[in-house]
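# A structural walkthrough
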Amino acid sequence: MGGEVLDALNLMLGFEDYVFVMDSSGKVVMSSPKAWGLLKGKQHIRDVIPAGYWARLRTLMGSPKGPYPPMDIPLISGPVEIPTEGLLGRTSDGGRDLFVLTCRDISRVRAAEKTLEESEERYHTIFDHSPLGIVHINHDGIITDMNEHFLQIMGTTRERLMGLNVIDHMQDPWMKKAIMQALSGTTGTYEGRYTPFSGNRTSWIKAQFRPMTSRKGTFLGVVGVAEDISERREAEEQIRFLNMHDPLTGLLNRRCFDEELKRLDTPEHLPLCLIMGDVNGLKLANDAFGHPEGDLLLNTIAKILRESGRPGNLIFRWGGDEFILLLPRTGVERAVDRVNRIHHMCQSWKGQGLVRPSISLGFGVKEHPDEDWRDAMLKTAEDQMYKMKMREGRRARLRILAHLEDRLHLAFGGDMGRHVDRLLKLCPLVEEALCLGEEDRKNLKLLCSYHDIGIISSKELMDMPSPMDHDAIALDQDHPITGYRIAKSIPELLTAADLILAHHERWDGTGYPQHLKGTDIPLVVRAFQLLDRFEGLTGDPSCPLDTGEALSMLSMEAGREYDPNLVNALKEHLLKLDQERLQV
């Protein structure tokens, strides 16, 4: 064995790599300890590498002199393949060519590469599918990468952003400041309204920009994470609005009043005026027509209060039917003008609603800094308001009632008004015939005037062409109940409420809505039914009957619809009147 080979053998004793020295046939003539342990007595290189790799190796060995390129060669160790990076070299010994194959175990390198690859895959999965927008900016302020969500938030394309210098082109000064902070080595944050590149909308954006450094501390650039928080901010604004506003009318609420009063109760805002109002007819609207009608009345009052002054005036819904206006730099004279304007707008209102808007108002003015607002404004305004409510309450109710009557008479094309007038003229006839007392006479007149007031709540009937169809009215069996609720809500009609409810009952019990029978029907109702029928028979302009014919018709219907005793009493009274007239 030549000296060179011996030197090589001695050198290989310290190698940790797999080193194989072989002749041109692949026979191993020398190996490092690690390679020898792998061969385990085998003498050919093909015994420790896959067949395909031996064919490639043999081709290289047969080619002209190197250098030979490095190649991946797995080594067979029992059932396991060891990944290695192999390097082939050529040498000679005693005139024959020998080849040296050095294989370095790269298992750890491959494992590290696999781990890195998996890590990069996970990163890109997070990067690409993150619900947040992510952008990379290098140390020069140039955008080098971004995910799709960032593009959506910015409202632009990858081509437009890639390579853009944000220092030169960022229009928003606060976002630019946040990026510059990150480029300087500290975290920068941004939250505000941002107009994206598309310019078609403004969004609320929250973003954070952090410096990126390597493990060795080398500055790599900036990573920015952005989120479109428009929905959240809108929800927060909605919550803030609801916390400060009445959900029905949109006016400021009582909680907000305390804050605004604290702000305005200062010398520069004096004189400070507080106007308090209590809505008239809200109970009538709610009880008689339902809460939607009451809500409409409250919204109408709120609209009038808003339109009665300058935009931005502080108007609060103080309670269920109470409102407050808080007016800085407003003295007594201007307060009176504002109150009068509100009253005038209520009286001339032409909008929707069954109940005409009306509100009792009072005001108080704080003129000196040392005055307590509770006494100077709130108590004074409240006392005035309640005095006004007591003084004008009845007038307000009667105006509301007159408004309902006007609408009802209009729907009947004037027939209702003429019918009521004739009923009232005939009242003394029935009152005398039945010997009614003073209270019953009063209630009979109320029943004649307001028996069909409940029709006002029937949209179907009120929307019919005028004059209203009486057959359609007969089919609407709810209007006595609505009429009852209206009467219960107006003190002036309270005694007639049960009578209005029962005015469509029948003597034989087939009426409605309670199916009362006989004398369970109140006397005044039974008297009204006779009067109403008698007026209808004798007052029909198309074919009026004389008194005798009308009484004959009533006699035929007595016992079914009408009280037979009252029919007889009326007949006797009319007969008596005829006899007295003949004697004269």
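Overview of the structure. (Residues numbered from 1 in each chain as written. Predicted model: local features only at pLDDT ≥ 70, side-chain atom pairs only at ≥ 80, totals over all residues. Heavy atoms only, no water.)

This part covers the overall build of the protein chain. The helix and strand inventory of the protein chain stands at 23 helices and 14 strands. Computed over C-alpha atoms, the radius of gyration of the protein chain comes to 51 Å, more than 25% over the 25 Å expected from 2.2 N^0.38 for 584 residues, which places it beyond the range of a compact globule. Oriented by its inertia axes, the alpha-carbon framework of the protein chain measures out at about 175 × 70 × 35 Å. Out of the 584 residues in the protein chain, the part that is buried amounts to 44%. (Helix = DSSP H or I, 4+ residues; strand = E, 2+ residues; numbered from the N terminus. Rg over C-alpha atoms; globule rule 2.2 N^0.38 Å. Buried < 20%, exposed > 50% of the residue type's maximum accessible area, 1.4 Å probe, protein only.)

Taken together, Lys387, Arg391, Arg395 and Arg399 make up a surface patch of like positive charges. Examined against the element boundaries, Arg399 turns out to sit in helix α14 (residues 373-411). (Patch = residues over 30% accessible without salt bridge, like charges linked within 9 Å, V, L, I, M, F, W, Y side chains within 5 Å. Areas by Shrake-Rupley, 256 points an atom, 1.4 Å probe, with all protein chains shown as cover. Salt bridge = Lys/Arg side-chain N within 4 Å of Asp/Glu carboxyl O. Lys, Arg positive; Asp, Glu negative; His and termini not counted. Charge placed at Lys NZ, Arg CZ, Asp CG, Glu CD.)

Two orientations exist for strands paired in a sheet by backbone hydrogen bonds: parallel and antiparallel. Taken in spatial order, the 5 strands line up as β7-β6-β10-β9-β8 in an open sheet, and their pairing is antiparallel. Looking at strand neighbours, the two that pair on one side only are β7 (143-146) and β8 (188-194), the edges of this open sheet. In this sheet, adjacent strand axes meet at a mean angle of 20 degrees when their direction is disregarded. Sheet topology note: the strand β9 (residues 203-213)/strand β10 (residues 219-228) ladder contains 9 bridges and is antiparallel. Directly across from Lys206, in β10, lies its bridge partner Glu227. Along the sheet, helix α8 (residues 173-183) contacts β6 (133-137), β8, β9 and β10; its crossing angle with β8, the most-contacted strand, is approximately 165 degrees. (Pairing = 2+ DSSP bridges. Axes fitted to C-alpha atoms, helices over the stretch in contact; angles between N-to-C directions. Contact = heavy atoms within 4.5 Å.)

Moving on: helix α3 (residues 51-62). With 12 residues, α3 should cover 16 Å at 1.5 Å per step; its first-to-last C-alpha distance of 17 Å lies within 8% of that length. Three or more residues of α3 are buried, namely Trp54, Leu57, Leu60 and Met61. Each buried residue of α3 sits inside an arc of 120 degrees when the element is viewed along its axis, so together they form one side. Projecting away from the buried face of α3 at angles above 90 degrees are the exposed residues Ala51, Gly52, Thr59 and Gly62. If you follow the buried residues of α3, they end up packed against β1 (18-22), β3 (71-77), β4 (80-93) and β5 (96-105). (Expected span 1.5 Å × (residues − 1). Arc of directions from axis to C-beta.)

What follows is about the sheet that holds strand β13 (residues 322-327). Spatial ordering of the open sheet is given by β12-β13-β11-β14, a layout of 4 strands whose pairing is antiparallel. If you trace the sheet from one side to the other, it starts and ends with β12 (314-317) and β14 (359-366), each paired once. In this sheet, adjacent strand axes meet at a mean angle of 20 degrees when their direction is disregarded. Pairing analysis gives 6 bridges linking strand β11 (residues 272-279) to β13, with the strands arranged antiparallel. The partner of Asp278 across the bridge, within β13, is Glu322. Where helix α10 (residues 254-264) meets the sheet, it contacts β11, β12 and β13, and its direction lies at approximately 150 degrees from that of β12.

Time to look at the packing of aromatic side chains. Under the defined criterion, the tally for this structure stands at 3 aromatic pairs. Each ring, one from Phe257 and one from Phe316, has its centre 5.2 Å from the other, and the planes form 85 degrees; the classification is edge-to-face. Taken together, the positions of Phe257 in helix α10 and Phe316 in strand β12 put the pair 59 residues apart, joining distant regions of the chain. The two residues Phe257 and Phe316 agree in class, both being buried. Relative to Trp318, the ring of Phe257 lies with its centre 4.9 Å away and its plane at 80 degrees, an arrangement referred to as edge-to-face. In this pair, Phe257 is assigned in helix α10 and Trp318 in the loop between β12 and β13, connecting sequence segments 61 residues apart. (Phe/Tyr/Trp six-rings, centres within 6.5 Å; stacked < 30°, edge-to-face > 60°.)

Right, let's get into helix α11 (residues 282-289). The element α11 is largely enclosed, with a buried count of 6 among its 8 residues. Those residues of α11 not exposed but buried are Leu282, Leu284, Ala285, Asn286, Ala288 and Phe289. Remark: Gly290 follows α11 within two positions and exhibits a positive phi of approximately 100 degrees.

It is worth spelling out the packing of helix α16 (residues 438-450) against helix α21 (residues 523-539) at this point. The contact between α16 and α21 brings their axes to 10 Å, and the two run at 50 degrees. As judged from the angle between their axes, α16 and α21 are oblique. You can see that α16 and α21 cross each other, and the crossing is right-handed. Counted together, Asp440, Asn443, Leu444, Leu447 and Cys448 of α16 and Leu523, Val524, Val525, Phe528 and Leu531 of α21 form the full contact between these two elements. Here the contact of α16 with α21 is composed, by residue class, of 8 nonpolar, 1 polar and 1 charged. (Parallel < 35°, antiparallel > 145°, perpendicular 65-115°, else oblique. Left-handed = near helix turned anticlockwise from the far one by under 90°. Nonpolar A, V, L, I, M, F, W, Y, C, P; charged D, E, K, R; others polar.)

This part is about the environment of Gly536. Relative to the helices and strands, Gly536 resides in helix α21. Judged by relative accessible area, Gly536 falls into the partly exposed class, the value being 34%. With 14 residues separating them along the chain, Gly536 and Ala550 place their C-alpha atoms 9.2 Å apart.

For the rest of this paragraph, the subject is the packing of helix α15 (residues 415-434) against α21. Packing of α15 against α21 leaves a shortest axis separation of 9 Å and a crossing angle of 125 degrees. By the criterion of interaxial angle, the relationship of α15 to α21 is oblique. Two packed elements cross with a definite hand, and for α15 against α21 that hand is right-handed. Residues His419, Arg422, Leu423, Leu426, Cys427, Leu429, Val430 and Leu434 of α15 form the contact with α21, whose participating residues are Ala527, Phe528, Leu531, Asp532, Phe534, Glu535 and Gly539. Split by residue class, the contact of α15 with α21 holds 10 nonpolar, 2 polar and 3 charged.

Turning our eyes to something else, we now look at the pattern of salt bridges. Applying the stated criterion to the full structure yields 26 salt bridges. For Arg158, the salt bridge identified is with Glu148, shortest N-O distance 3.6 Å. In this pair, Arg158 sits in helix α6 (residues 158-161) while Glu148 sits in helix α5 (residues 148-154), placing the two residues 10 residues apart along the sequence. Residue Arg158 is classed as partly exposed on the basis of its relative accessible area, which comes to 27%. Residue Glu236 pairs with Arg233 through a salt bridge whose shortest N-O separation is 3.6 Å. In this pair, Glu236 and Arg233 both sit in helix α9 (residues 230-244), 3 residues apart, roughly one turn of the helix. Its relative accessible area of 30% is what places Glu236 among the partly exposed residues. The network of salt bridges with shared partners includes Glu191, Arg232, Arg233 and Glu236.

Function cannot be read off these values alone, since they describe shape.
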